[in-house]
Amino acid sequence: MARRYDTRATIFSPEGRLYQVEYALEAISHAGASLGILAENGVVLCGEKRNISPLLDDVKYSEKIYKIHEDLCCSVSGITSDANILINELRMIGQRYLLTYQEPAPIEYIVSRLCNIKQAYTQFGGKRPFGVSFLYMGWDKHYGYQLYQSDPSGNYGGWKATCVGHNSQTAISILKQEYKIGETTLQDALRLAIRVFSKTLDTTKLTAEKIEIAVLEHDDKSNKTTIRMLNEQELQQLIKQYEDEQSKLETERQKQQGQSSQQQTTTSGTTSKDKK
Amino acid sequence: MVESIIGIRGKDFILLAQDANTTKYGILNMKFDTNRLFKLSEHCAMLASGEPGDVVQFAEYVGKNIQLYKMINGIELSPYACANFTRHEMAYSLRSRNSYLANLIIGGFSTNDSDQQKAQLFAIDYLGAMISANVVAHGFCQFFALGVGDKLWKENMTLEEGLHMLQIIVNELGMFV
């Protein structure tokens with residue numbers, strides 16, 4: 001039934017759906033996850049790496065996280081080649097603004113402009129939409145730290161914490177429970193990110209080579225923003241912290257279980273005594 | 001280039017003064033109450049002098065575009081950004097079929113906390129050159145205003161001192177304020 005209406009991106013189906021856009025979102029739900037968390041003193045972006053073959057050349061670039069301009073960074077989920085085109089466009093938008101106004105572009109301006117381009121591919125031209133969702137983290141002087149998400153339909157929204165890509169629903173439900181609005185520091189955000197990823201990644205054990213984490217902080221005094229990728233040591237430290245916490249919780253749980261089973265044996269002992 | 005416009009930057013204000021006459025053919029005074037002040041945003045204004053048609057056309061174009069930015073993006077442009085945008089448009093139009101013979105002064109007050117200097121003053125000439133200074137002027141009064149400004153301007157000027165400086169400049173021009 002849908003087959004008749006999905007060959008062209010730019011037409012509606014009888015139920016009022018845009019199938020190509022939905023198919024693009026489906027493609028993204030199979031891609032490596034991206035996670036973003038807004039903290040009181042910074043923003044964190046994490047990506048699940050899919051290309052971890054030992055044969056890969058050690059080029060000094062990031063697979064999922066890209067810098068757009070001095071105060072803006074984004075993480076990619078979806079078709080990488082589509083993403084490269086859009087990242088180029090994002091950088092151009094930022095630079096054109098800088099050329100005209102001689103000051104850095106507000107984050108929402110850049111996101112909104114790119115989303116207008118993405119929307120055009122869902123309405124005219126006869127071309128397919130881009131199969132990428134972005135998570136943007138940035139700082140500007142109007143609204144401070146910000147986190148945005150955009151998808152192939154051209155919709156975008158501001159978030160406190162969100163996830164796109166593989167197992168994103170699981171991640172979002174964990175975030176809903178565990179993210180504390182107004183009380184999350186950068187360290188809390190990093191720990192939360194590791195916790196979420198260890199539950200949503202397909203692998204049984206989280207290792208440093210499977211994830212990428214970037215942190216954005218703005219220093220008010222010098223008015224400079226720093227965006228940095230965590231190196232392998234820092235990632236391993238965070239993972240180890242998480243694993244230590246988990247094993248502690250596990251031992252406590254086992255202790256409690258042991259206590260409760262002991263209680264059970266004593267009660268059964270008394271009843272048998274009574275019976276006699 | 002007879003009509004004069006002057007801008008003076010004070011401690012927490014900008015003083016913008018303009019000549020309200022419009023003259024033609026060098027001898028005829030057509031109008032005594034010309035308005036050369038164009039509002040760019042809530043905290044930023046622009047004085048424009050030069051070819052009468054170009055002045056209004058360019059000033060309104062810039063002013064409305066800045067209003068449009070506010071409508072689209074929900075935030076107001078800082079005076080620095082307004083001035084750079086204006087200069088960009090002037091420089092762009094100069095290298096096209098339609099150039100504008102308009103000299104501008106843009107003054108504003110930045111409401112953003114991260115700006116160190118709150119009162120900002122810029123001058124842009126018809127060739128798209130922009131400077132930021134404490135005293136700026138276009139037109140015949142340029143010769144007097146900048147000299148008086150050099151002598152009398154000081155850091156953290158009050159409004160009275162600014163008006164006093166303006167009075168001296170205007171007296172040099174032989175005009176009534």
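This one's a predicted model, so the numbers in the text were calculated from it and none came from an experiment. (Residues numbered from 1 in each chain as written. Chains lettered and ligands numbered in written order. Predicted model: local features only at pLDDT ≥ 70, side-chain atom pairs only at ≥ 80, totals over all residues. Heavy atoms only, no water.)

Novice: I keep staring at the overall build of chain B and nothing clicks. Help me out?
Specialist: Along chain B, the regular secondary structure elements total 4 helices and 10 strands. Counted from the first residue to the last, chain B has its helices and strands arranged as β-β-β-β-β-β-α-α-β-β-β-β-α-α. In terms of C-alpha radius of gyration, chain B reaches 16 Å, essentially the compact-globule figure of 16 Å for 177 residues. In terms of overall dimensions, chain B has a C-alpha envelope of 45 × 40 × 25 Å along the principal axes. (Helix = DSSP H or I, 4+ residues; strand = E, 2+ residues; numbered from the N terminus. Rg over C-alpha atoms; globule rule 2.2 N^0.38 Å.)

Novice: Just to check I follow, could you spell out the packing of helix H2 (residues 80–101) of chain A against helix H3 (residues 107–120) of chain A for this structure?
Specialist: Each packed pair of helices is defined by two parameters, the angle between the axes and the distance between the axes. Residue and element names in this part refer to chain A. The contact between H2 and H3 brings their axes to 10 Å, and the two run at 130 degrees. Between H2 and H3, the interaxial angle falls into the category oblique. Considering how the two elements wind past one another, H2 and H3 form a crossing that is right-handed. Of the residues in H3, those in contact with Leu 86, Glu 89, Leu 90, Ile 93, Gly 94 and Tyr 97 of H2 are Tyr 109, Ile 110, Arg 113, Leu 114, Ile 117 and Lys 118. Split by residue class, the contact of H2 with H3 holds 8 nonpolar, 1 polar and 3 charged. (Axes fitted to C-alpha atoms, helices over the stretch in contact; angles between N-to-C directions. Parallel < 35°, antiparallel > 145°, perpendicular 65-115°, else oblique. Left-handed = near helix turned anticlockwise from the far one by under 90°. Contact = heavy atoms within 4.5 Å. Nonpolar A, V, L, I, M, F, W, Y, C, P; charged D, E, K, R; others polar.)

Novice: What's the story with the packing of helix H3 (residues 142–152) of chain B against helix H4 (residues 159–173) of chain B in this structure? I'm lost.
Specialist: Residue and element names in this part refer to chain B. Between H3 and H4, the shortest axis-to-axis distance is 9 Å and the interhelical angle comes to 145 degrees. Crossing geometry of H3 relative to H4 is assigned as right-handed. For the pair H3 and H4, contact is made by Phe 144, Ala 145, Val 148, Gly 149 and Leu 152 and by Met 165, Ile 168, Ile 169, Glu 172 and Leu 173, respectively. In terms of residue class, the contact of H3 with H4 is built from 8 nonpolar, 1 polar and 1 charged.

Novice: Help me understand the sheet that holds strand E9 (residues 130–132) of chain B in this model?
Specialist: All names here are of chain B. Strands sit in the order E5-E6-E7-E8-E9 across an open sheet of 5 strands; the sheet is antiparallel. Edge positions in the sheet fall to strand E5 (37–41) and E9, since each has one partner strand and no second. In this sheet, neighbouring strand axes are inclined to one another by 20 degrees on average, regardless of whether the strands run parallel or antiparallel. Here helix H1 (residues 52–73) sits on the sheet and contacts E5, strand E6 (44–50) and strand E7 (102–109); the angle it forms with E5, its principal contact strand, is near 15 degrees. (Pairing = 2+ DSSP bridges.)

Novice: Sorry, what's going on with the pairing of strand E3 (residues 65–69) of chain A here?
Specialist: All names here are of chain A. E3 sits mainly inside the fold: 4 of its 5 residues count as buried. Pairing between E3 and strand E4 (residues 72–78): 4 bridges, direction antiparallel. Paired with His 69 across the bridge in E4 is Leu 72. Adjacent in sequence and paired antiparallel, E3 and E4 are bridged by 2 residues. (Buried < 20%, exposed > 50% of the residue type's maximum accessible area, 1.4 Å probe, protein only.)

Novice: Help me out: how do you make sense of the confidence of the model for chain B in this one?
Specialist: In regions of low pLDDT, the predicted coordinates are not meant to be interpreted in detail. Residues and elements named next belong to chain B. Here chain B averages 92 in pLDDT, while 98% of its residues score no lower than 70. For chain B, per-element mean pLDDT is lowest for strand E3 (residues 22–24), which scores 88, and highest for E9, which scores 97. Predicted complex metrics record ipTM = 0.85 and pTM = 0.87. (pLDDT = per-residue confidence, 0-100.)

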